Amino acid sequence: MNVISLDRPTKMRFTLEDVRRIWDAGGFPNYPSIELIDGEVFEMPADGWRTTNWNALVACWFYSNTDASIVIVPDKTLALGEDGLKPDFWLYPASVDPQTVTGKDCLLVIEISDPTLRWDIGARATR
């Protein structure tokens, strides 16, 4: 049990389930894109034009070159333990129950970076 100290601020750590409940209750109305990394909630910036262009090209390639045995998930939360990241694409076998997919089930995870490149290969990658 966590004890909250009244004489100093306490950092609160969230689980993916906490964030999903807050999101569903409308708790992040001004934040269209968030990620949960190591218990902390981060607002993610809008995509730059290069990211948008590459996403479109990668999506066209995937949808033209994969069959029904692979599920392609664009820009949705991927559960990684207690964290929830939103990579640009993640692919997993269609034989896996979509409600139970986690990072260990993925065949491929892709993050396309332009405005957030330093963050993606630095602090985000090491968390």
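In this report, the structure presented in the accompanying data block is examined. (Residues numbered from 1 in each chain as written. Predicted model: local features only at pLDDT ≥ 70, side-chain atom pairs only at ≥ 80, totals over all residues. Heavy atoms only, no water.)

**Topic: the nonpolar core**
Argument step 1. Core analysis: the biggest nonpolar cluster contains 8 residues, these being Val58, Ala59, Phe62, Ile72, Phe89, Leu91, Ile110 and Ile112.
Argument step 2. Breaking this core down by element, the ones donating at least two residues are α2 (49-65) and β6 (89-93).
Argument step 3. Looking at this core, the element that brings in the most residues is α2, giving 3 residues.
Argument step 4. Core analysis: the next-biggest nonpolar cluster, separate from the first, contains 7 residues, Leu78, Tyr92, Val96 and Cys106 among them. (Core = buried A, V, L, I, M, F, W, Y, C linked by side-chain atoms within 4.5 Å. Buried < 20%, exposed > 50% of the residue type's maximum accessible area, 1.4 Å probe, protein only. Helix = DSSP H or I, 4+ residues; strand = E, 2+ residues; numbered from the N terminus.)

**Considering unusual backbone geometry**
Argument step 1. Within the chain, Asp38 stands out as a residue other than glycine whose phi angle is a positive 55 degrees.
Argument step 2. Here Asp38 shows up in the loop between β1 (34-37) and β2 (40-43).
Argument step 3. In the Ramachandran plot, Asp75 falls in the positive-phi region, its phi being about 50 degrees despite a non-glycine side chain.
Argument step 4. Looking at the element boundaries, Asp75 is found in the loop between β3 (70-74) and β4 (78-80).
Argument step 5. Residue class for Asp75 comes out partly exposed when judged on its relative accessible area of 36%.

**Some points on the environment of Asp47**
Argument step 1. Examined against the element boundaries, Asp47 turns out to sit in the loop between β2 and α2.
Argument step 2. Residue classification places Asp47 among the partly exposed positions, given a relative accessible area of 45%.
Argument step 3. Linking Asp47 and Ile112, residues 65 residues apart in sequence, is a C-alpha distance of 9.4 Å.
Argument step 4. For Asp47, the residues in contact, after removing those within four places along its chain, are Thr52 and Asn55. (Contact = heavy atoms within 4.5 Å.)

**Notes on the sheet that holds β6**
Argument step 1. Spatial strand order, β3-β6-β7: 3 strands in an open sheet with antiparallel pairing. The sheet terminates laterally at β3 and β7 (108-110), the two strands that pair on one side only. Within this sheet the neighbouring strands show an average axis-to-axis angle of 15 degrees, counted without direction.
Argument step 2. Relative to β7, β6 runs antiparallel, the two sharing 3 bridges. Residue pairing in the sheet places Trp90 in a bridge with Val109 of β7.
Argument step 3. Against the sheet, α2 touches β3, β6 and β7, its axis set at about 20 degrees to β6. (Pairing = 2+ DSSP bridges. Axes fitted to C-alpha atoms, helices over the stretch in contact; angles between N-to-C directions.)

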